[in-house]
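Chain by chain, the residues:
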Amino acid sequence: MTKAGTRTGVRTGARTGTRKSGRVGPLVAQPVGAPDLDVDALLADPDTRIIVCCGSGGVGKTTTSAALALRAAEQGRKVVVLTIDPARRLAQSMGIEKLDNTPRPVPGLAPSDDATAGSLDAMMLDMKRTFDDVVESQASPEKAQQILQNPFYVALSSSFAGTQEYMAMEKLGQLHADARATGRWDLIVVDTPPSRSALDFLDSPERLSSFLDGRFIRLLLAPAKGPARLMTAGLNVITGALTKILGASVLRDVQTFVAALDTLFGGFRQRAQRTYQLLQAPGTAFVVVAAPEPDALREAAYFVERLSEEQMPLAGLVVNRASRAPRGALSPDQATAAAERLEEQESSAGDGAPTAGLTAGLLRLHADRGRIVARETRLRKRFSTAHPDVATAVVPALSTDVHDLDGLRRVGDLLAAHAGPAA
Amino acid sequence: MPDSPADTAPDWDGVRLHVVTGKGGTGKSTVAASLALGLASRGATVLLCEAEGRQGIAQLFDVPPLPYEERRIVAGPRSDGGQGGDVYALAIDTEEALLEYLAMYYRLGRAGRALDRFGVIDFATTIAPGVRDVLLTGKVYEAVHRNRRSKDARHYDAVVLDAPPTGRIAQFLNVNNELAGLAKVGPIRSQADNVTTLLRSGLTRVHLVTVLEDMPVQETADGITELRSGHLPVGGVVVNMTRPVELDEDERGAAMTGTLDAESLCADLERVGVSTTDLLVSDLLDEAREHAERRALEDEQRKRIAGLGVPTYELQRLPDGIDLGGLYELAAELCRQGMA
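Residues numbered from 1 in each chain as written. Chains lettered and ligands numbered in written order. Predicted model: local features only at pLDDT ≥ 70, side-chain atom pairs only at ≥ 80, totals over all residues.

Enquirer: Tell me what's going on with the overall build of chain A, and back it up with residues and numbers.
Expert: In terms of helices and strands, chain A carries 16 helices and eight strands. Looking at the 423 residues of chain A, the share that counts as buried comes to 47%. Contacts in chain A between residues at least 24 apart in sequence constitute 78% of all its contacts with a sequence separation of at least 6. (Helix = DSSP H or I, 4+ residues; strand = E, 2+ residues; numbered from the N terminus. Buried ≥ 20, exposed ≤ 12 C-beta atoms within 10 Å, placed from the backbone. Contact = placed C-beta atoms within 7 Å.)

Here you go:
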């Protein structure tokens, strides 16, 4: 087999299913059965106004959203990217290490040749500040002050499970309104908080508003009105119990807080609903990010199903950190066997070549890589069998960390040209 | 990397509560499960708790979703042919825990159920995250101290808690601080005080799981600082999913500069009957370069971890992923390195 022949043989073999003689190798290089996600078309489409990157924690959402934003900006879009928790060095290189909750221009853009210059602004979400802003914009100054100082508000705004998700949505709504009013941006890219479950992001507005809608809150607000009067006896039992557990001062704080929150009540619900509708609008595109791991792909599957249930527009799936498939035809088992034979020869006859140890090492690395690729392929295949319509981009793992614009550009290239065998 | 012989005494003898944390994606649940298995293999009866309602334990051990009750999920591997301990699992549910807590300490009876009916439980656990954390850690406290409280209940030699991620761990364990603004006196406060006493005592260790990448290592370092300033006892750092150790330093240097000798590589391959193509050779050389680059980055991170001044353990990435068999392998490795 000639060198050129091997190369085309592998390529056409994989694409058309016609196999040349000899082994082609069990490791299929690219998305198994799933259509390709055309990242550049998505970014270039002027109708794409919002891109939401979601997925479970630790799969590279922040890097993916920053890379998409940079690529779009260098192709001429006016972009703002909302990141949640970027790595320190990446934040520094984008000039957003300071948490001031305001988008700042990112220096150092290098527009691609045929594009008119776009722009890129970036910001890091300050959850508490965003919450405070909402309170201040909704309530009178005295009332706002009263709320901001309440110990329950302090706890809720800094660590309520879901506050971060809710505030990311809130900020998205604000940026969107800002973009519409000023024309400063034509594309908003949103990173989502590093939660366990990707669904938390979609569930948070509902969770917050159903919490505010809760029976107990209504009771605390109007214990003696209407049908609630019938429950007053029950309420006394409850306040009695709560006082016993928490102490009277805590209950008083709760009551003040809830009464104060009542002012914001309508505003909260409305805003949550508006943002939710924004996510269902055609200008929005969800990019689900995963790593080739069972947990991450399971979360991705849940998310994809949920999006279609809610009629939210899904652009596709990005599988980060994929191991690069070997192009040659030596299977993991063959490589392992060859490595063992080499070492055997060396130790038994003592006539092994000086490089035998090195070669055996290379073969074992090759076998290890092959096994990992096979496993990842299996996992992706499982996903694409269940969700055959989801366009997919597979991004090979980089052997270096991404912490500057060049790194982001490289990720952007890989996202757009994900069939490329080498970086 | 600690190179302990197989039968070293475990490093954490006398520790009753192992809290395992780590950044998302580093495999903290896997490590927590392996640690529980490892401890059981030394004969301990172990309770493995998960605090985030994700049913990760059930998935790892391939059992049906866990209810809010202690279930035996596996008999520990018996390393010495003697009695191995068992692993029990518990998925802690905050609302159930609150009801149980109320029943146990306050004998609220009808009022307790009414609280639930009126949405107070939901309210309390939502509005005051500190309450949620006190309940979770309180349940763990109860399991650790059980032998003193009740003679009928099962006694555990060790409890392993699959805890919230590194970014939230100090806050989670510092239940007192969280509650300080909310409840200054009263029974829930004294419960928090008891829990804090346990968490800061010699009976507890907080282990941090990381992988050899910049951000997780940074979070680990930050986490350790935070834990220490909160007077919470730091245990070990588990470096998870490390790459295989192949190629020595010179070879990696040559791989990076592209000066590995392709001809002798081909000769070696031919000698053991592997037909060489340019594609295969470039595969092997590319893989060597990537491996060397990764190792260089990893070694940098290893140095940072060594500088943290805590015992470290390393678990290699399993090429076939984590299944029950893999879990046992990791548990054996933790025993060998002295963590369990």
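Enquirer: Hey, could you go over helix α15 (residues 324–336) of chain B for me, with residue numbers and the actual values?
Expert: Residues and elements named next belong to chain B. The end-to-end C-alpha distance of α15 is 19 Å, a good match for the 18 Å that 13 residues give at a rise of 1.5 Å each. For α15, every residue scored as buried is listed here: Leu327, Leu330, Ala331, Leu334 and Cys335. Relative to the axis of α15, the buried residues are bounded by an arc of 145° and lie together on one face. Residues of α15 that are buried sit in contact with α1 (28–41), α2 (56–61) and β8 (312–316). Of the residues trailing α15, Gly338 is marked for its positive phi of about 90°. (Expected span 1.5 Å × (residues − 1). Arc of directions from axis to C-beta.)

Enquirer: Describe the sheet that holds strand β2 (residues 46–50) of chain B, listing the residues and the values that go with them.
Expert: All names here are of chain B. Read across the sheet, eight strands follow the order β3-β4-β2-β5-β1-β6-β7-β8 without closing on themselves; strand pairing throughout is mixed. Edge strands, defined here as strands with exactly one partner in the open sheet, are β3 (71–75) and β8. Across the sheet, the mean angle separating the axes of adjacent strands is 25° when strand polarity is ignored. Both strand β7 (residues 234–242) and β8 contribute to a ladder of four bridges, which runs parallel. (Pairing = 2+ DSSP bridges. Axes fitted to C-alpha atoms, helices over the stretch in contact; angles between N-to-C directions.)

Enquirer: Report on the packing of helix α8 (residues 166–173) of chain B against helix α11 (residues 214–229) of chain B, specifying residues and quantitative values.
Expert: A pair of packed helices can be characterised by two numbers: the angle between their axes and the separation between those axes. Residues and elements named next belong to chain B. Closest axis-to-axis distance for the α8/α11 pair is 8 Å, and the angle between their directions is 10°. With respect to each other, α8 and α11 are oriented roughly parallel. For the pair formed by α8 and α11, the contact residues are Thr166, Gly167, Ile169 and Ala170 on the first element and Glu219, Thr220, Gly223, Glu226 and Leu227 on the second. Class assignment of the residues belonging to the contact of α8 with α11 gives a composition of three nonpolar, four polar and two charged. (Parallel < 35°, antiparallel > 145°, perpendicular 65-115°, else oblique. Nonpolar A, V, L, I, M, F, W, Y, C, P; charged D, E, K, R; others polar.)

Enquirer: Requested: an account of the nonpolar core, with residues and values cited.
Expert: In this structure, Ala69, Val79, Val288, Ala290 and Leu415 of chain A are the most contacted members of the largest nonpolar core, which totals 94 residues. Element by element, the count of residues in this core is highest for helix α3 (residues 61–74) of chain A, at seven residues. Ignoring any residue separated from it by four or fewer positions in sequence, one finds Ala69 of chain A in contact with Val79, Val81, Leu120 and Val189 of chain A. Counting residues in hydrophobic clusters, the runner-up holds 75 residues, among them Val134, Val144, Leu227 and Ala340 of chain B. (Core = buried A, V, L, I, M, F, W, Y, C linked by C-beta atoms within 7 Å.)

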